[in-house]
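# A structural walkthrough
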Number of protein chains: 2
Amino acid sequence: MLTASVCTIGDEILIGQIVDTNSAYISKELNSIGIKVNFMLSVPDEEEQIVNYLSLSLSRSDIVIVTGGLGPTKDDITKNALATLSGSSRLLYNEDQLSVIRSICHKRGIELSDLNRDQALVPEKCEVLTNNMGTAPGILLRKEGKLLFSLPGVPYEMANLMKKVTGEIIKTKDIEDIYHKTLITFGIPESSLANMIAGWEDNLPSEIKLAYLPDPLTGVKLRLSKYGGNINDSKKAINEHFAALKDMLGNAVYGEDNDTLESVIFRFLKSKSATLSTAESCTGGKIASMITSVPGSSSIFAGGIIAYSNEVKIKSLGVDPAILSGSGAVSEECVRAMAQGARKMFNTSYAVATSGIAGPDGGSVEKPSGTVWIAVAGPDFTVAKKAVFNGDRLRNIDRFSSETLNFLRLNLGI
Amino acid sequence: MLTASVCTIGDEILIGQIVDTNSAYISKELNSIGIKVNFMLSVPDEEEQIVNYLSLSLSRSDIVIVTGGLGPTKDDITKNALATLSGSSRLLYNEDQLSVIRSICHKRGIELSDLNRDQALVPEKCEVLTNNMGTAPGILLRKEGKLLFSLPGVPYEMANLMKKVTGEIIKTKDIEDIYHKTLITFGIPESSLANMIAGWEDNLPSEIKLAYLPDPLTGVKLRLSKYGGNINDSKKAINEHFAALKDMLGNAVYGEDNDTLESVIFRFLKSKSATLSTAESCTGGKIASMITSVPGSSSIFAGGIIAYSNEVKIKSLGVDPAILSGSGAVSEECVRAMAQGARKMFNTSYAVATSGIAGPDGGSVEKPSGTVWIAVAGPDFTVAKKAVFNGDRLRNIDRFSSETLNFLRLNLGI
């Protein structure tokens, strides 16, 4: 099996100023085409160190993916390191990247500076993977039958270039066929899921691998993979086990592969020509921004209100002041009234509402920080539930939001 | 100066299933006591590999911190690797950790299993840092004047043990200081910034390092660092250069160290007892969720509306239908009316509004995908501007949102 190492460059990583998320993304992508990552490295912005560690990586892996250190500024020196490794220090302008740089500067109304232009400089013995989303090109160095890819550190530029990277690898290396199918669940903790499917898991043929991929915003993903062998046999085998797994988990299952709670809700509402609105207190717009992250969401999402103050809850959503003075804003009565109010205000088929305490302050003994009430209002029903989490503020807001979208999904019968 | 390497163990990291946040935490802690992390590693759950990479780390750093591979199912691996490195394969039960394990099992109502008991086994030539929050002990191996610490991978157990680690390091090693100061800017692209400060940068004393940290949501951060020497001299030197840099960049500078656009806006509005509301179209709640991510934001943020459909723009914000049929929703007139409408609707001192095309669809020749109009309305002014970006949908939404918060910041005079 082909091996790869992933190397991130940047002092900001080594002083702990930022968490490196690129390496995980890259590994997942490589894994999905059947390449095993045998180690990861993070190294400083020092040319000698970079050359040293990249040589080490090339000696231990068939493929090396480097990110970072390609920006226009002086602390970005990866290119010189690549030139050194390539055996020629000569850099040449790459026309394709240069024209991207020109159009980006033009779009932003920035004058094209030498620094911008020089981002199109590439070691003469390297190839270019044009970066259409940013100014720094992806670079490929072929060395003794091995492939070294250098990508910009900006996550979405890196992610976009990884498509070209995996394409190039598949073209040049002979890798085994691999088939993955991912089942996506929400509402059952990873450990409970594992218990529920233990028997089934024990009977999986050894060539089919199961991976648990938990995520607070999407739920727990269960990925079945088969490496090698005839691709059609792999599909047949995996699809059978996939179907059995799906049956076992009932309505905890909401999607496959790249689905998200917001994308399946979008598809369902669109197919029914139904519409949605939101009334958010503690989630502060997070739910609306998840829904509107789906391309085309304007066809199902009319709008939403962030009713942060009680005045707004009363004035815009028609929440009875007596509820706020009585049960308080974090209560079943309040979220029910908020959801019904949003449905009226935005004239939509459905509406969701949240009211809770994200923390760190504002909690009490009866309503600790991490408590949320959520509601869904539809043409002929309004339902509400309470949930309690114990993360920090941002984590709680995420959990509140995905819990609400899942509650909506279940009440839509998806 | 003293160097350290950080090594995380676990297949779940190498297949990209989880993002390693421990390394950043550990580096920050080491950095704060003046130790420079010279590289980070992530390696698989394979004893031979672990021994191999830990030896490599010991050969290149004075201190090595290892996390992971100490759980009840994996402990053989890391512990045997440590035993091998220590020169004796013999493991002994550690009484302190054993009693912690007993009490944890008792609390959880679990019977003490052999697996649990064996977590107290430690290589005889190693010392123990008792872990009071979990069953796996911290382990210290002293080898040829170097220190190798092995910690459990559970983040809060690791974080708790890091206090003992830094204490031990301070006790045994004499360490130099590190001083960092970070200036945060917005609105000037990294390459233009570099041109503006090129002369200043060239005259920086060699012992002061400058790093550029671009981020689409916070702007470009400029970090000055000085390693070693007298801490007061370092502070004095860096603060002087920091002040000069700040003067050079004028109102592009909005904060220091951990500030964000939303946190400086929050602080300013709070100090003035002023309030804010939002009217978002294309940003779909992202701006509100950025503002409400700040703890205590309810004291300045009354609420916001996501006016996704024209009906909502007209009905809730009072946008003149003639504007929508004439100039369209993505226009200066529309965002001005939206901002003024939000200010009225939520009765706030200030309001911001956005209307644009996040993409991928909906663009035209005059208004390509990536185009946004933003506005700020205040007690006695309304201002608007247009901006164009070229990312994918999510990236455009992020850029639209930070551009809007920066436009608000500038108009507040922050």
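These numbers were taken from a predicted model, which means no experiment stands behind them.

### Things to note about the nonpolar core
A:Leu269 and B:Leu269 are the most contacted members of the largest nonpolar core, which totals 69 residues. Once residues within four sequence positions are removed from consideration, A:Leu269 is found in contact with A:Ala274, A:Leu276, A:Ile300, A:Tyr350 and A:Leu412. Core analysis: the second largest hydrophobic core is formed by 51 residues, A:Phe346, A:Ala375, B:Ala337 and B:Ala342 among them.

### Some details on the interface of chain B and chain A
Taken together, the contact pairs 82 residues of chain B with 78 residues of chain A. Together, the buried faces of chain B and chain A total about 6,200 Å²; carbon and sulfur atoms form 56% of this surface. Residues B:Glu46 and A:Lys36 are paired through a salt bridge, measuring 3.5 Å at the closest nitrogen-oxygen approach. Between the two partners, chain B and chain A, sit 28 residue pairs in polar contact (both at pLDDT 80 or more). Considered class by class, the residues forming the side of chain B that touches chain A number 38 nonpolar, 27 polar and 17 charged. Here strand 2 (residues 36–43) of chain A pairs with strand 2 (residues 36–43) of chain B via 3 bridges, running antiparallel. The residue bridging A:Leu41 from the neighbouring strand is B:Leu41, located in strand 2 of chain B.

### Some words on the state of the cysteines
Enumeration over the complete set of coordinates arrives at 0 disulfides over all chains. With no disulfide of its own, A:Cys7 lies closest to B:Cys7 among cysteine sulfurs, the gap being 14 Å. B:Cys126 forms no disulfide, and the closest cysteine sulfur to it belongs to B:Cys7, at a distance of 15 Å.

### Looking at the environment of A:Leu317
All names here are of chain A. By the secondary structure assignment, Leu-317 is in the loop between helix 13 (310–315) and helix 14 (321–326). C-alpha separation for the pair Leu-317 and Arg-343, spaced 26 residues apart in sequence, amounts to 9.1 Å. For Leu-317, the contacting residues outside a window of four places in its chain are Ala-279, Ile-305, Ala-307, Val-312, Ala-337, Met-338, Gly-341, Ala-342 and Met-345.

### Re the sheet that holds strand 16 (residues 371–378) of chain B
Strands sit in the order 17(A)-16(A)-15(A)-13(A)-14(A)-14(B)-13(B)-15(B)-16(B)-17(B) across an open sheet of 10 strands; the sheet is mixed. Looking along the sheet, the strands with just one partner apiece sit at the ends: strand 17 (381–388) of chain A together with strand 17 (381–388) of chain B. Strand after strand, the sheet turns through a mean of 10° between neighbouring axes, direction not considered. Pairing between strand 13 (residues 276–280) of chain A and strand 15 (residues 350–356) of chain A: 5 bridges, direction parallel. Bridge pairing in strand 15 of chain A links A:Ala279 to A:Ala353. Relative to the sheet, helix 15 (residues 332–346) of chain A contacts strand 13, strand 14 (301–307), strand 15, strand 16 (371–378) and strand 17 of chain A together with strand 14 (301–307) of chain B, its axis offset from that of strand 15 of chain A by approximately 145°.

The rules behind the values
Residues numbered from 1 in each chain as written. Chains lettered and ligands numbered in written order. Predicted model: local features only at pLDDT ≥ 70, side-chain atom pairs only at ≥ 80, totals over all residues. Heavy atoms only, no water. Core = buried A, V, L, I, M, F, W, Y, C linked by side-chain atoms within 4.5 Å. Buried < 20%, exposed > 50% of the residue type's maximum accessible area, 1.4 Å probe, protein only. Contact = heavy atoms within 4.5 Å. Buried area = accessible area lost by both parts, 1.4 Å probe. Salt bridge = Lys/Arg side-chain N within 4 Å of Asp/Glu carboxyl O. Polar contact = N/O pair within 3.5 Å; in protein donor to acceptor, adjacent residues only side chain to side chain. Nonpolar A, V, L, I, M, F, W, Y, C, P; charged D, E, K, R; others polar. Pairing = 2+ DSSP bridges. Helix = DSSP H or I, 4+ residues; strand = E, 2+ residues; numbered from the N terminus. Disulfide = S-S within 2.5 Å. Axes fitted to C-alpha atoms, helices over the stretch in contact; angles between N-to-C directions.

Purely geometric numbers; function is a separate question.
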